[in-house]
Amino acid sequence: MTPHRDAEDEAALAAFFAAARAEEEGPSVALLSAILADAAGIHADRAVAPAARRFLPAGSGWGARLLAPIGGWRGIAVLGGCAAFGFWLGLAGNLSLDGTTLTTVAASESAVTGVDAFFDLAALEQ
Amino acid sequence: MTAAARAPAFGRAPLFRQETAARGTAIVSRMTRSPDADAEPSDAALLALYADGDQAAARMLTARHAPRVFALARRMLGEVAEAEDVTQETMLRLWKIAPDWQADRAAVATWLYRVASNLCIDQLRRRRNPTRSASDDALPEIADDAPGAEHRLQADDRAAALREALAALPDRQRLAILLRHFEDRPNPEIAAILDASVEAVESLLARARRDLAQRLAPRRAELGFTDG
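Residues numbered from 1 in each chain as written. Chains lettered and ligands numbered in written order. Predicted model: local features only at pLDDT ≥ 70, side-chain atom pairs only at ≥ 80, totals over all residues. Heavy atoms only, no water.

**Q** Residues and numbers for the interface of chain B and chain A, please.
**A** Tallying the contact residues gives 58 residues for chain B and 36 residues for chain A. Across the interface of chain B and chain A, roughly 4,200 Å² is buried in total on both sides, 66% from carbon and sulfur atoms. Three residues stand out in chain B for area buried against chain A, namely B:His181, B:Arg209 and B:Arg210, and they jointly supply 13% of the buried area on that side. At the junction of chain B and chain A, the tally comes to seven salt bridges. Among the ionic pairs, A:Arg21 bridges to B:Asp184, the shortest N-O distance being 2.9 Å. The interface formed by chain B and chain A contains 13 residue pairs in polar contact (both at pLDDT 80 or more). In terms of residues, the side of chain B that touches chain A owes the most to one element, helix H3 (residues 55-77) of chain B, which gives 11 residues. (Contact = heavy atoms within 4.5 Å. Buried area = accessible area lost by both parts, 1.4 Å probe. Salt bridge = Lys/Arg side-chain N within 4 Å of Asp/Glu carboxyl O. Polar contact = N/O pair within 3.5 Å; in protein donor to acceptor, adjacent residues only side chain to side chain. Helix = DSSP H or I, 4+ residues; strand = E, 2+ residues; numbered from the N terminus.)

**Q** Describe the side chain of B:His65, and please don't skip the residues or the numbers.
**A** Residues and elements named next belong to chain B. As for its placement among the helices and strands, His-65 is situated in helix H3. The exposure class assigned to His-65 is buried, which follows from its relative accessible area of 10%. A polar side-chain atom of His-65 sits 2.8 Å from a polar atom in the side chain of Asp-43. With residues up to four places along the chain from it excluded, the contact list for His-65 reads Asp-43, Val-108, Ala-109 and Leu-112. (Buried < 20%, exposed > 50% of the residue type's maximum accessible area, 1.4 Å probe, protein only.)

**Q** Give me the packing of aromatic side chains: which residues, what numbers.
**A** The way to describe two aromatic rings as a pair is by their centre distance and the angle between their planes. One pass over the structure, following the stated rule, counts four aromatic pairs over all chains. Aromatic side chains A:Phe16 and B:Phe225 sit 4.9 Å apart centroid to centroid with 35° between the ring planes, which places their arrangement in the tilted category. Taken as a pair, A:Phe16 in helix H1 (residues 3-22) and B:Phe225 in the segment after helix H9 (198-216) lie in two separate chains rather than in one. For B:Phe225, a relative accessible area of 14% gives the class buried. Residue placement shows B:Arg105 over the ring face of B:Trp101; its charged tip is 5.6 Å from the ring centre. Above the plane of the ring of B:Phe225 lies B:Arg220, whose end atom (NZ or CZ) is 4.1 Å from the centre. (Phe/Tyr/Trp six-rings, centres within 6.5 Å; stacked < 30°, edge-to-face > 60°. Lys NZ or Arg CZ within 6 Å of the ring centre and 35° of its normal.)

**Q** Kindly report on the confidence of the model for chain A, identifying the contributing residues and their values.
**A** Residue and element names in this part refer to chain A. When pLDDT is averaged across chain A, the result is 69; 45% of the residues are at 70 or more. When the elements of chain A are averaged for pLDDT, helix H5 (residues 109-123) gives the smallest value, 46, and H1 the largest, 91. Of the regions scoring below 50 in pLDDT, residues 102-119 engages in 21 contacts with residues more than four places distant in sequence or in other chains. (pLDDT = per-residue confidence, 0-100.)

**Q** Describe the environment of B:Arg93, listing the residues and the values that go with them.
**A** Residues and elements named next belong to chain B. With respect to the element layout, Arg-93 can be found in helix H4 (residues 80-97). Classification of Arg-93 by relative accessible area gives partly exposed; the value is 37%. Separated by 19 residues in the primary sequence, Arg-93 and Leu-112 place their C-alpha atoms 8.9 Å from one another.

Structure (structure tokens):
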């Protein structure tokens, strides 16, 4: 395609392009409203999400500073879980390892409660 | 179609659709009041403001870019409803990326055109007949005898003829023509939008113009051209 030929084509099409541009219609009010509603909605979602995940207060008090070396309140929760698990082990008596599952020889309601509590505390880490 | 009924057909649940009709109308009316003309922030600045919660920035971005995105989609797809879906989805992606926008990476307009172009091409591929031309979106007939009506009719006929010819082009050629001759984007920007080289864009445009000129040549006499 030679530049001269392309220039001829462009000149031949100029009136068609002009006619098509003149008939252009803009977006409807409904569409613009929906776009703006999306903008507001996206921002609202972002504002809510961080607050929903936050379950610890801002670490500015003396308690938070005291606990900071061990990971703050989360560290306390994990230590507590480990302590509870160890307490349960002491209460459970004999233990056996079957494959990949650690089971108690003498299952008791308090032992089950201890395991549940351990996993509940572990879930707080996430 | 009210804002409440505006639900783009992209398999994504619309957000806040039911409660936005009245609020959206109020938002648009505020948007049309002219802002301070002496302080026109850049698109990147507006996007940063929006990311910080400034809804006025979203209104300005919408006013600047939604009409152009809609115009491109309308011409690519030949249908108002699908063009509205593409426009809404394109702007939605802009709102989502706002907190992560890097001003030095691309111009907002270029990015929007690219997203809209890809959505249009995806939509065309989903259709069974990709050469389908505008149908129920044809312009209404002008039924008056006022002076100038014949001129308008002639312009309408030429526009319709071009629409048909454009619909017959391959997708990327049509896109290149629309971006160049309707959106007035320079070739380097078109290259960025189409993810192609400038030379490839120039070739696309030349082939597309040749194709259009050949298709329209037999109709020039009936469309009022008096070529020498």
